[in-house]
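# Descriptive structure summary
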Amino acid sequence: MTDKNLKRGRIFGFVAIALFVTACSTIPQLTVHQSISTLLTAKVLDNWVQAQIDAQLPLSTQIEQSSVSIPARFQGKTLYKVEPNNKEKVIALTIDDGPWPKTTLQMLDIFKANNIKATFFWVGSAVQANPELAKRVVAEGHVIGNHTWHHWYKRMDEATAKSEIDRTSNLIYKTTGVKTTLFRPPGGFLNNGLAAYAKSQKYSVVMWSLTSADTDPHAKPQAFVNNVLKGAKPGAIVLMHDGGGDRHRTVQALPQIITGLKQQGYRFVTIPELLEKSGE
Ligand SMILES: [Zn+2]
């Protein structure tokens, strides 16, 4: 072992223990699950440890920063996709408007069978209505983003925008222990006051580069499959829905979407993992 590797190994050990102790003593159990599964992903942590060595920060600072899973360059920014280093074939599935009875569970089963983690953007009122579903999504290792309380499109003043976002984040935390740093504006509207407030609070505003168009009331599931498979690109963020209406067609399309993307050579990542894949 070289000196550098030895140093890295020691810091890695310290950080892993410190993370565990900190998480167990101060954060509800489910956060431990998500923090550990997200942060201890070997490569991510390895990169992160290296970054701390490079920055020569004291250990206490390192631990605080470890709870922030979004790289600083994406905080308070709007993004549609990511350019992964070396055009790596990674893609992120994002699921909006839940948690929702039946369809969320069906999607969870499909993801589990395929060993895929997705990113769910939740509506606060839906979390309030379906807390057990919310807990299960988090327990299964998926990443959670904020999609406001009421899913309003209208223009709103700052106090209303603050309430829409803070109330949702607070309930997500109270229900699942997750502190989310991702925000997606309902309908993708960026100019009604919500995105501005989210950015002021350092959320990453996550749009999408590829839609399954699964809110089209007349399309067949095969159309959703074709939309995704034809538009797939490295670093794409794919939009689909588990809630806000009857999404059984999305559930029907999902296995074929996954199989088709795998055949094209894609690997599925969460939004935080995708952001780690991008250079400056
Ligand atoms: Zn939505």
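Notes on the structure in this doc start here.

How each quantity is defined
Residues numbered from 1 in each chain as written. Predicted model: local features only at pLDDT ≥ 70, side-chain atom pairs only at ≥ 80, totals over all residues. Helix = DSSP H or I, 4+ residues; strand = E, 2+ residues; numbered from the N terminus. Buried ≥ 20, exposed ≤ 12 C-beta atoms within 10 Å, placed from the backbone. Contact = placed C-beta atoms within 7 Å. Core = buried A, V, L, I, M, F, W, Y, C linked by C-beta atoms within 7 Å. Arc of directions from axis to C-beta. Axes fitted to C-alpha atoms, helices over the stretch in contact; angles between N-to-C directions. Left-handed = near helix turned anticlockwise from the far one by under 90°. Nonpolar A, V, L, I, M, F, W, Y, C, P; charged D, E, K, R; others polar. Parallel < 35°, antiparallel > 145°, perpendicular 65-115°, else oblique. Pairing = 2+ DSSP bridges.

## Quick word on the overall build of the chain
Looking only at helices and strands, the chain has twelve helices and nine strands in total. Per-residue burial for the chain yields a buried fraction of 41% across its 280 residues. In the chain, once contacts between residues fewer than 6 apart in sequence are set aside, the share between residues at least 24 apart is 81%.

## Structural notes on the nonpolar core
Ala92, Trp122, Ala198 and Val238 are the most contacted members of the largest nonpolar core, which has 60 residues in total. Element by element, the count of residues in this core is highest for helix α11 (residues 248-263), at six residues. Beyond its immediate stretch of four places on either side in the chain, Val238 contacts Ile91, Ala92, Leu93, Thr94, Trp208, Leu210, Ser212 and Val228.

## Brief notes about helix α10 (residues 221-231)
All of the buried residues along α10 are Phe224, Val225, Asn227 and Val228. Projected down its long axis, α10 shows its buried positions confined to an angular sector of 160°, all on one face. The exposed residues of α10 that point more than 90 degrees off its buried face are Gln222 and Lys230. Looking at the packing, one finds that the buried side of α10 touches β7 (210-211), β8 (236-241) and α11.

## Overview of unusual backbone geometry
Residue Pro99 follows Gly98 across a cis peptide bond; omega there is 0°. For Pro99, the position within the fold is in the loop between β2 (90-98) and α5 (103-113). A positive phi angle is found at Lys87, which is not glycine, with a value near 50°. Looking at Lys87, the number of C-beta atoms within 10 Å reads 10, which means it is exposed. With a phi close to 70°, Lys102 is a non-glycine residue in the positive phi region. As for its placement among the helices and strands, Lys102 is situated in the loop between β2 and α5. With 14 C-beta atoms packed within 10 Å, Lys102 lands in the partly exposed category.

## Concerning α5
Note on helix geometry: an α-helix contains 3.6 residues per turn, so any two residues three or four positions apart are oriented the same way. Buried within α5 are the following residues: Thr103, Thr104, Met107, Leu108 and Phe111. With its buried residues spanning 135° around the axis, α5 presents them on a single face. Within α5, the exposed residues directed more than 90 degrees away from the buried face are Asp109, Lys112 and Ala113. Buried residues in α5 make contact with β2, α7 (131-139) and α11. Phi for Asn115, located one or two positions after α5, is positive at around 55°.

## What about the packing of α10 against α11?
It is at 8 Å that the axes of α10 and α11 come closest, and there the two elements cross at 35°. Helix-helix and strand crossings are classified by hand; for α10 and α11 the assignment is right-handed. Note on element contacts: α11 touches α10 through Arg249, Thr250, Gln252, Ala253, Gln256, Ile257, Gly260 and Leu261, opposite Pro221, Phe224, Val225, Val228 and Leu229. The residue makeup of the contact of α10 with α11, split by class, is eight nonpolar, four polar and one charged.

## Here's the deal with the environment of Leu93
Inspection of the secondary structure puts Leu93 in strand β2. Separated by 25 residues in sequence, Leu93 and Ala118 have C-alpha atoms that sit 5.4 Å apart. In contact with Leu93, not counting residues within four places along its chain, are Ala118, Val238, Met240 and Phe268.

## With respect to the packing of α5 against α11
It is at 10 Å that the axes of α5 and α11 come closest, and there the two elements cross at 5°. As judged from the angle between their axes, α5 and α11 are roughly parallel. Packed against α5, whose contacting residues are Thr103, Gln106, Met107 and Ile110, the element α11 presents His248, Val251, Leu254 and Pro255 at the interface. Across the contact of α5 with α11, the residue classes tally to five nonpolar, three polar and no charged.

## Overview of the pairing of β2
Burial of β2 is extensive: nine of the nine residues sit out of reach of the surface. Of the pairings in the sheet, the one linking β2 to strand β9 (residues 267-268) comprises two bridges and is parallel in character. Its bridge partner lying in β9, Val90 is registered against Arg267. In terms of strand pairing, β2 meets β8 through six bridges, oriented parallel. The partner of Ile91 across the bridge, within β8, is Ala236.

## Some words on the pairing of strand β3 (residues 119-122)
The alternating pattern of β3 places Thr119 and Phe121 on one face and Phe120 and Trp122 on the opposite face, and all of these are buried. Where β2 and β3 come together, four bridges link them in parallel fashion. Residue Asp96 lies in a different strand from β3, and its bridge partner there is Phe121. The pairing of β3 with strand β4 (residues 143-146) spans four bridges and is classified as parallel.

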